[in-house]
Amino acid sequence: MTQHLRAEIDQVAEASIAALRAPSILNTQPWRWRLAGNHAELWADRSRQLDGLDPDGRLLLLSCGTALHHATVALLAAGFDADIARLTDPARPDLVARVRQGNRCTADDLLYRAIYQRRTDRRPFGDERPVDAVLDELRAAAERHGVHLHVVRADQVTAFASAVAHAGDVEHADPRFREDLLAWTTRAREDRDGVSARSTVTPTHRTIAPRDFDLARPAALDAGTGTDRGTVYVVFTVDAEEPANWVAAGEALSDVWLTLTVRGLAASPISEVVEVLPVRVALRRLLGGVGHPAIAMRIGTPVDGIEPVPATIRRSGTDTVGSPGQ
Ligand SMILES: Cc1cc2nc3c(=O)[nH]c(=O)nc-3n(C[C@H](O)[C@H](O)[C@H](O)COP(=O)(O)O)c2cc1C
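Residues numbered from 1 in each chain as written. Predicted model: local features only at pLDDT ≥ 70, side-chain atom pairs only at ≥ 80, totals over all residues. Heavy atoms only, no water.

(A) Representation of helix α9 (residues 277–286) within the structure. Of all the residues in α9, the buried ones are Val 279, Arg 280 and Leu 283. End-on view of α9: buried residues confined to an arc of 100°, all on one side of the axis. Projecting away from the buried face of α9 at angles above 90 degrees are the exposed residues Leu 277, Pro 278 and Arg 285. Looking at the packing, one finds that the buried side of α9 touches α2 (58–77), α5 (157–172), β6 (232–238), α8 (272–275) and β8 (292–300). Of the residues trailing α9, Gly 288 is marked for its positive phi of about 90°. (Buried < 20%, exposed > 50% of the residue type's maximum accessible area, 1.4 Å probe, protein only. Helix = DSSP H or I, 4+ residues; strand = E, 2+ residues; numbered from the N terminus. Arc of directions from axis to C-beta. Contact = heavy atoms within 4.5 Å.)

Rendered as C-alpha cells:
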C-alpha cells in the first residue's frame, strides 16, 4: 500500500471517529462505518431503529445525516473537501453514503471544534433573542443541504406549543412508544448509548416543556433562571418525504447546530411534532403548506454564567467502525 493511500484511509477513519459525537434520536447512534479501500461507507443500523417512535426510520436516517455531516466537518478541519456519493441502491437500502477524501482545500476547524462543545441543552434559555444576522446564517447553513429553515412566528408559537404537547400526550398513551422510551433510558453502562438523567432538566414552568423521558431517576440538570422569552423555535422542512431528504435534513441539523454553537448559542431538537402523523400534518398546515416538516428545534442564548451541560456517552470506534464483513 502506498503512503499516499495509507494517509487517505487514516483521514476517513479519523472522520468516522469524529462522527461518533453526532447527535441522534434517543442517543441510539444508529449507524456503522465500514472502511473499504480509500473510502468509508456509512450504513444505517436498523437494529437500532425505534419501532414505536420511528416506524418509517426517518429519525434514524436524520441521525445518520448528522453523522455524515460531522465526518465532512472533520475532513475540512484536516484540509480536505469531502467527496460524497449518496447512495440509493434498492438492493442495499441501508447504505447511506460513501465518503472519500476529496481535493485539498483551506483547512477550517471552526465547526470541528464545535463538535466537541455542542450539547443538547434542554434548559430554558435567556431573554436575549438570537439576532437576525445569525438566524440568516443558520438558514444558509440549512440551505446548503437543500433544506429550509422556518422560524415559527410569534403569533404561531401558541399553536406550535399545543402541537408539541399534543404529540407528547399521544405518544405517552401508546405502549409501543413507551417500550422504546424504556429501552433507551435504561441501557447498561457498557452499551455507551441511550439517554440518562444526567442530561435531563428539573421541571419548571415553560412555553414548551422538553420531551418527557419518563425516567425513574430525578433529572440531574437544574433548570436555572432562564425564561425562554428570547427562545426561537424553528422547523426544518424538506421538499419531499423521501429517505434521501431525511438524510439531508440530518446534515442540515448538524450544520445549523454546529454553526449556532460557534456563535455562542444553544439548542435542543423537538421531534415529537414530526413523530405523530396528524401532528406533522397540522404543523405543515401551520407553516402554510410549504415543505414537509422534518424536525423542529429550539434555539436561544444560554443564561449568563450557567454550567455547561455534561457530554453524553458514545460508543467507541471499535463498536461503530469496521471493515467489510464486520
Ligand atoms: C433526529 C433527532 C431527534 C431528536 N429529538 C429530540 C427530542 O425530541 N427531544 C430532545 O430533548 N432531544 C432530542 N434529540 C437530542 C438527542 O436526545 C441527543 O442528541 C442525544 O441524547 C445525545 O446527546 P447530545 O446531543 O447532548 O450529544 C434528538 C436528536 C436527533 C438527532
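(B) The arrangement of the site of the ligand in detail. Around the ligand there are 22 residues in total, and Arg 118, Thr 120, Arg 122, Ser 271 and Arg 314 lie nearest to it. Here an oxygen atom of the ligand and a side-chain polar atom of Thr 120 are 2.6 Å apart. Between the ligand and the protein, one listed contact pairs an oxygen atom with a side-chain N or O atom of Glu 272 at 3.3 Å. Relative to its unbound accessible area of 630 Å², the ligand is 98% covered by the protein chains. Counted by class, the shell around the ligand contains ten nonpolar, six polar and six charged residues. (Near = heavy atom within 4 Å. Polar contact = N/O pair within 3.5 Å; in protein donor to acceptor, adjacent residues only side chain to side chain. Areas by Shrake-Rupley, 256 points an atom, 1.4 Å probe, with all protein chains shown as cover. Nonpolar A, V, L, I, M, F, W, Y, C, P; charged D, E, K, R; others polar.)

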